[in-house]
There are 2 protein chains.
Amino acid sequence: MKVNGKHYRTVWLDGGTVKMINQPLLPHRFEVFECPTHRDTAEAIRTMVVRGAGAIGTAAGYGMAQAALEAADADPHAFLRQAAETLRRTRPTAQNLFYAIDRVLAAVDGVDDPAALRRLAVAEAQAISDEDAEAARRIGEYGEPLIRDGATVLTHCNAGWLAFADWGTALSPVYAAVRAGKTVRVLADETRPRSQGARLTAWELMAEGVDVTIIADNAAGHYLSRGQVDLVITGADRIAANGDVANKIGTYEKAVLAHAHGVPFYVAAPRSTFDSDCSAGTDIPIEQRCGDEVLYAYGWTDEGEWGRVRIAPPGAKAGNPAFDVTPARYITGLITEVGVVPATVDAVAEMLARP
Amino acid sequence: MKVNGKHYRTVWLDGGTVKMINQPLLPHRFEVFECPTHRDTAEAIRTMVVRGAGAIGTAAGYGMAQAALEAADADPHAFLRQAAETLRRTRPTAQNLFYAIDRVLAAVDGVDDPAALRRLAVAEAQAISDEDAEAARRIGEYGEPLIRDGATVLTHCNAGWLAFADWGTALSPVYAAVRAGKTVRVLADETRPRSQGARLTAWELMAEGVDVTIIADNAAGHYLSRGQVDLVITGADRIAANGDVANKIGTYEKAVLAHAHGVPFYVAAPRSTFDSDCSAGTDIPIEQRCGDEVLYAYGWTDEGEWGRVRIAPPGAKAGNPAFDVTPARYITGLITEVGVVPATVDAVAEMLARP
């Protein structure tokens, strides 16, 4: 997608440096963050300089490519295994992270020639990024017919192009519908505690000229109860074999509410987000993040500086689960790069087995 | 309740001045806000220097008493009718506002002696405040048995003593249970956009030594899904004759989620919050507030100053309904000062008719 007239991906590899859009600074400042080593890339994933399912996967793939470039000729595989561990420890819920790491490891498995190993690792990381962008584009094509002209779409968190290498998942059908000439209005949940909806989803959609209204997470039920939402689309951080979805905290609340109102609830995600090793959502580990994210709010001060305000009393404690699990029964359909399928064991298995 | 060892009510009348705890500054600064005239009191209600069902009612009653003190001897009733209009226009959803204004008007109806009129208006306003505090205390007594030893109570917004003349409604049973020696843990929804949960509920409970954990509004569903909530108690801003409840935006979401998990959902409110003129929740007007409340977050800067940060992109728009309506079918019971009753037309009518 374009920023100030120039095309950007969310994360890219430039020589041995991983570069990424610095997402916590958006929308107030557009800055490219540089990670000279795979350890810097891991730290950027952990601290959420880069976030979003596909973007995390792409960054992790490039981090593995960096590790291949950094490895001594003597025993590159040991170094790569160590780098994989470092990267795996950054975000426990995000499936695309593990997917990308494992793909780069597999691509160089048994390769002894140091130059070939480096070339293969970089090529595989690039392929992961390219496939992620292409999958997101196709998700838009498959999701577009679900959005009628004049529809209002509710979304949660940011599963737009900033969350992937390009295009996004939940927002890709919206972009496709708008490009097809439809009028689409988006209600964007603020998405506390990190406000990805108010910051990133609103910014992305405004940049593309899409009509977007930010609402407090608390208000989604009100709009649903007034018949002002036609469908809900969210992304996913990991999807179990039975169609249960782990996604940004609050997704589950919106799914239960959509169900109570008979409003379709779709989850858009590429196949790289599915984890066949998790038979159900209860198997998915839920990341607990620092309570400060809840006790403070972060943004731009009236003086134009990046800052924070403390909302809660001194000494207060907070619980901060970063994700929740939405059971498959609340999900109308999964929008993937090979089509829209029901959230059932059989449909998911068949979809993952397609060429 | 006590602040720094001294007993305070939320709002009180001192001569002709209405004084109130300045709630937007809490918990970071404890300050008394002074309203020299009834117009200042109206403005303080509108801008939410005072907020919460009972506290708004108490402030409005005192505002009417102020108007009586301000009125010229010639035609005090015309002045009072005008003052009533000014006060009525401040917050459209809060039933206690209308209740208190009408009570003071009724108390001086047909009274021609200026001195008697002033005395009666002040006495009625004081009675409203005293009855509010006493009703809240009794709500605690009736609600206390619903909380078992070791329970976790989820609450939304602030319906503690800061929302009433004293004691509170949703939190009054919690205070009663703790004073009865029970161990109670409270999960406090942050309650965006104005963060009354993170600011006020956490502050109140911590001051009383109650174990409280602040969570993002998005996280309530997660805790419910993990079986970590025993019951939900919220307050109400207006309750219709059929038991439908208007309360802080997001209350409806929590009610639907509690229902989905079979967790009891109680609404605690005095009889002054019931509006027999509204047959159902759809009759209750929902206040729309300025979008800036959503686009910004307010709190204390790292330098110790009161400030705000802008979360959303420049030019973004926001929807900001301040309340939502929870249908009676999601409500396990209404905790009032005369007992706990089901949220049905007949039970509400019978309860309101009790002496």
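All of the points below concern the structure found in this document.

Here is what the cut-offs are and how they apply
Residues numbered from 1 in each chain as written. Chains lettered and ligands numbered in written order. Predicted model: local features only at pLDDT ≥ 70, side-chain atom pairs only at ≥ 80, totals over all residues. Heavy atoms only, no water. Least-squares fit on C-alpha atoms with pLDDT ≥ 70 in both. Contact = heavy atoms within 4.5 Å. Buried area = accessible area lost by both parts, 1.4 Å probe. Salt bridge = Lys/Arg side-chain N within 4 Å of Asp/Glu carboxyl O. Polar contact = N/O pair within 3.5 Å; in protein donor to acceptor, adjacent residues only side chain to side chain. Helix = DSSP H or I, 4+ residues; strand = E, 2+ residues; numbered from the N terminus. Nonpolar A, V, L, I, M, F, W, Y, C, P; charged D, E, K, R; others polar. Pairing = 2+ DSSP bridges. Axes fitted to C-alpha atoms, helices over the stretch in contact; angles between N-to-C directions.

1. Brief notes about the relation of the copies chain A and chain B
When chain A is fitted to chain B, the best match, at an RMSD of 0.0 Å, comes from turning it 180 degrees and sliding it 0.0 Å along the axis. Seen this way, the second copy is the image of the first under a two-fold rotation axis. The share of interface residues of chain A whose copies in chain B are also at the interface is 99%, consistent with both copies meeting through the same surface.

2. What to know about the interface of chain A and chain B
The interface of chain A with chain B comprises 67 residues on the first partner and 66 residues on the second. For the pair chain A and chain B, the two sides together bury roughly 4,700 Å², of which 58% comes from carbon and sulfur. Among the residues of chain A in contact with chain B, N218(A), E253(A) and I311(A) are the three that bury the most area, contributing 15% of the side total. Viewed at the interface, chain B and chain A are joined by 8 salt bridges. Here R192(A) and E190(B) are joined by a salt bridge, their closest N and O atoms 2.6 Å apart. Taken together, the links from chain A to chain B amount to 28 residue pairs in polar contact (both at pLDDT 80 or more). A total of 6 residues in the side of chain A that touches chain B trace back to one element, the largest contributor, which is helix 9 (residues 251–260) of chain A. Across the side of chain A that touches chain B, the residue classes tally to 36 nonpolar, 18 polar and 13 charged.

3. Considerations on the sheet that holds strand 9 (residues 231–234) of chain A
Read from one edge to the other, the open sheet built from 8 strands follows the order 19(A)-18(A)-12(A)-9(A)-6(A)-7(A)-8(A)-16(B), with strand pairing classed as mixed. Strands at the two margins of the open sheet, each flanked by one partner only, are strand 19 (339–341) of chain A together with strand 16 (317–319) of chain B. For this sheet, the mean angle separating the axes of adjacent strands, direction not counted, is 30 degrees. Here 5 bridges tie strand 6 (residues 151–155) of chain A to strand 7 (residues 184–189) of chain A, and the two strands are oriented parallel to one another. Each residue of the ladder has a partner; that of L154(A), found in strand 7 of chain A, is L187(A). Where helix 9 of chain A meets the sheet, its contacts fall on strand 7, strand 9 and strand 12 (265–268) of chain A, and the angle it forms with strand 12 of chain A comes to roughly 145 degrees.

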